[in-house]
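Residue-level listing of the chains:
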Amino acid sequence: MLEIVNLSKAYSVGAFGREKFYAVDNVTFKIEDNEIVSLIGESGSGKTTIGKLILKLIKPTSGKILYNGIDISSFKNLKEYYRHVQGVFQDPYSSYNPIFKIDRVFEMVREEFYASTSQNEWRNRVEEVISYIGLNPKEILGKFPHQLSGGQLQRLLIARALLMETKFLVADEIISMLDASTRIDVLNTLIKLKETGLSVLFITHDLSLGYYTSDKTVILYRGSIMEYGSTEKVFNNPLHPYTKMLLESVPTVHKKWAKSQIALEGKIVPNGFCKFYDRCPLGDTNCKNVVLKEVEDNHQVACVKV
Ligand SMILES: Nc1ncnc2c1ncn2[C@@H]1O[C@H](COP(=O)(O)OP(=O)(O)OP(=O)(O)O)[C@@H](O)[C@H]1O
Ligand SMILES: [Mg+2]
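Residues numbered from 1 in each chain as written. Chains lettered and ligands numbered in written order. Predicted model: local features only at pLDDT ≥ 70, side-chain atom pairs only at ≥ 80, totals over all residues. Heavy atoms only, no water.

Before going further, it helps to examine the pairing of strand S3 (residues 36-40). Burial within S3 is extensive, with 5 of its 5 residues counted as buried. Burial along S3 is two-sided: the face carrying Ile36, Ser38 and Ile40 and the face carrying Val37 and Leu39 are both buried. As judged from the 5 bridges shared by S3 and strand S8 (residues 199-204), these two strands associate in the parallel manner. Across the sheet, the residue bridging to Ile36 is Val200, located in S8. (Buried < 20%, exposed > 50% of the residue type's maximum accessible area, 1.4 Å probe, protein only. Helix = DSSP H or I, 4+ residues; strand = E, 2+ residues; numbered from the N terminus. Pairing = 2+ DSSP bridges.)

With that out of the way, let us pick up the site of ligand 1. Inspection of the region around ligand 1 gives 14 residues, with Ser43, Gly44, Lys47, Thr48 and Thr49 positioned closest. Gly44 is positioned such that a nitrogen or oxygen atom in its backbone is 2.8 Å from an oxygen atom of ligand 1. Within the side chain of Lys47, one N or O atom sits 2.7 Å away from an oxygen atom of ligand 1. Protein burial of ligand 1: of its 640 Å² of free accessible surface, 66% is covered by the chains. For the shell around ligand 1, the elements supplying multiple residues, two or more each, are strand S2 (19-31) and helix H1 (47-54). Taken together, the residues of the shell around ligand 1 break down into 3 nonpolar, 6 polar and 5 charged. (Near = heavy atom within 4 Å. Polar contact = N/O pair within 3.5 Å; in protein donor to acceptor, adjacent residues only side chain to side chain. Areas by Shrake-Rupley, 256 points an atom, 1.4 Å probe, with all protein chains shown as cover. Nonpolar A, V, L, I, M, F, W, Y, C, P; charged D, E, K, R; others polar.)

Cross-referencing UniProt, the feature "domain: ABC transporter" (unreviewed entry) maps to residues 2-247 in the present numbering. Taken end to end, residues 2-247 comprises 38% helix and 27% strand; its first and last C-alpha atoms sit 28 Å apart. (UniProt positions renumbered as here; feature names shortened; annotations may be inferred.)

The full count for this structure, using the stated rule, is 12 salt bridges. The residue Arg123 makes a salt bridge to Asp103 at a minimum N-O spacing of 3.6 Å. Placement of Arg123 in helix H4 (residues 119-132) and of Asp103 in helix H3 (residues 102-113) is noted, with a sequence separation of 20 residues between them. Note on Arg123: relative accessible area 39%, which makes it partly exposed. For Asp103, a relative accessible area of 23% translates into the label partly exposed. The partner of Glu107 in a salt bridge is Arg110, and the shortest N-O contact between them spans 2.9 Å. Of this pair, Glu107 and Arg110 both sit in helix H3, 3 residues apart, which is roughly one turn of the helix. (Salt bridge = Lys/Arg side-chain N within 4 Å of Asp/Glu carboxyl O.)

Time to look at the sheet that holds strand S1 (residues 2-13). Sheet architecture is open: 4 strands sit in the order S2-S1-S4-S5, paired in antiparallel fashion. Each edge of the sheet is formed by a strand with only one pairing partner; in this case those strands are S2 and strand S5 (70-71). Against the sheet, H1 makes contact with S1, S2 and strand S4 (62-67), and its axis sits at roughly 115 degrees relative to S1, the strand it touches most. (Contact = heavy atoms within 4.5 Å. Axes fitted to C-alpha atoms, helices over the stretch in contact; angles between N-to-C directions.)

On the surface, Tyr11, Val13 and Phe21 cluster together into a nonpolar patch covering about 250 Å² of accessible area. Its location among the elements puts Phe21 in strand S2. (Patch = residues over 30% accessible without salt bridge, like charges linked within 9 Å, V, L, I, M, F, W, Y side chains within 5 Å.)

Right, let's get into the packing of H3 against H4. The contact between H3 and H4 brings their axes to 11 Å, and the two run at 120 degrees. Looking at the two axes, H3 sits oblique to H4. Regarding H3 and H4, the two cross each other, and that crossing is right-handed. When H3 is examined against H4, the residues Asp103, Phe106, Glu107, Val109 and Arg110 are found in contact with a partner set consisting of Gln119, Trp122, Arg123, Val126 and Ile130. Of the residues contributing to the contact of H3 with H4, the split by class is 5 nonpolar, 1 polar and 4 charged. (Parallel < 35°, antiparallel > 145°, perpendicular 65-115°, else oblique. Left-handed = near helix turned anticlockwise from the far one by under 90°.)

This brings us to the packing of aromatic side chains. One pass over the full model with this rule turns up 10 aromatic pairs. Pairing Phe29 with Tyr228 gives two aromatic rings, centres 6.1 Å apart and planes at 70 degrees, and the pair type is edge-to-face. A residue pair is termed long-range when its members are at least 10 positions apart, and Phe29 in strand S2 and Tyr228 in strand S10 (residues 224-230) qualify at 199 residues. Across the pair, exposure class does not vary: Phe29 and Tyr228 are buried alike. Geometry around Phe100 places Arg104 over its ring, the cationic atom sitting 5.6 Å from the centre. Here Lys192 stacks its cationic end above the ring of Tyr132, 4.3 Å away from the centre of that ring. (Phe/Tyr/Trp six-rings, centres within 6.5 Å; stacked < 30°, edge-to-face > 60°. Lys NZ or Arg CZ within 6 Å of the ring centre and 35° of its normal.)

For the protein chain, per-residue confidence averages 89 on the pLDDT scale, and residues scoring 70 or more make up 94% of the total. Of all secondary-structure elements in the protein chain, the lowest mean pLDDT belongs to helix H7 (residues 180-193), at 81, while strand S12 (residues 299-301) reaches the highest, 98. Segment residues 253-260 is flagged for pLDDT under 50; beyond a separation of four residues in sequence, or across chains, it makes 23 contacts in the model. (pLDDT = per-residue confidence, 0-100.)

And the structure:
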């Protein structure tokens, strides 16, 4: 289980870096074993920042992340941590070294983590895993990355995680560069992987992909959680005005959201107010010091009107 507890990440901005901008602001949620959780939010809402914090690529400003109860900042041995927790990103090509054949990627996993496994035995395992994710090893091995499709490369990254016996995968917009039919293959591979005990944080700006894939959904807005709970409940009974707005605009969900959305006329967000205040039709002076509260089992909403 991976727990994110009061996690914040601030960047210094403005002249001389005197101002703080919270890319992630006091976020708390968890991903249980064998669970896929979607982290959904528009561009700039802090999704990748949360992914990077989980992958220890950046350090939190405050709060913590617990992996099976252990604060990940105490993992000094990164190799040990990355055996359990891995990331797959948007652009599959950037994750491969173009001068190495795919075989080399898998061989490096053996050298790094399974040095005592013989090359023959390893080859069998690699072929088994490639077949498991729905690809033909004969068509894959011996090729260079540029000879494979984006969907194949993305699935091979998942195969690599499987070989490493990864327990937790951060999947950040992994299918946004793929065409529709390949997308479903990659999504189904992820869902299938759950059977092997994998948990996934599935980062997306696409509501329908989140709905299709995940057990739970986190709706993020300007670095804060607006709504969180079972995907069924969040989608079928959305309670936050922001979630409602998103779901009402469903025909356009495949479009990448624009970063700056229009505020209601003349409204700004005063300190301590709900981040959605300037766009919320229900916004009034009560909309401050908002906390995420449980409205029913497995369903939390951060809105004073709910
Ligand atoms: N190193 C940095 N310095 C300053 N600001 C940063 C830095 N990295 C990210 N940010 C800001 O933090 C916010 C969140 O960025 P993040 O990449 O997490 O968004 P995102 O939800 O993944 O968006 P997208 O859907 O476009 O990938 C953005 O406003 C971004 O400009
Ligand atoms: Mg991102």
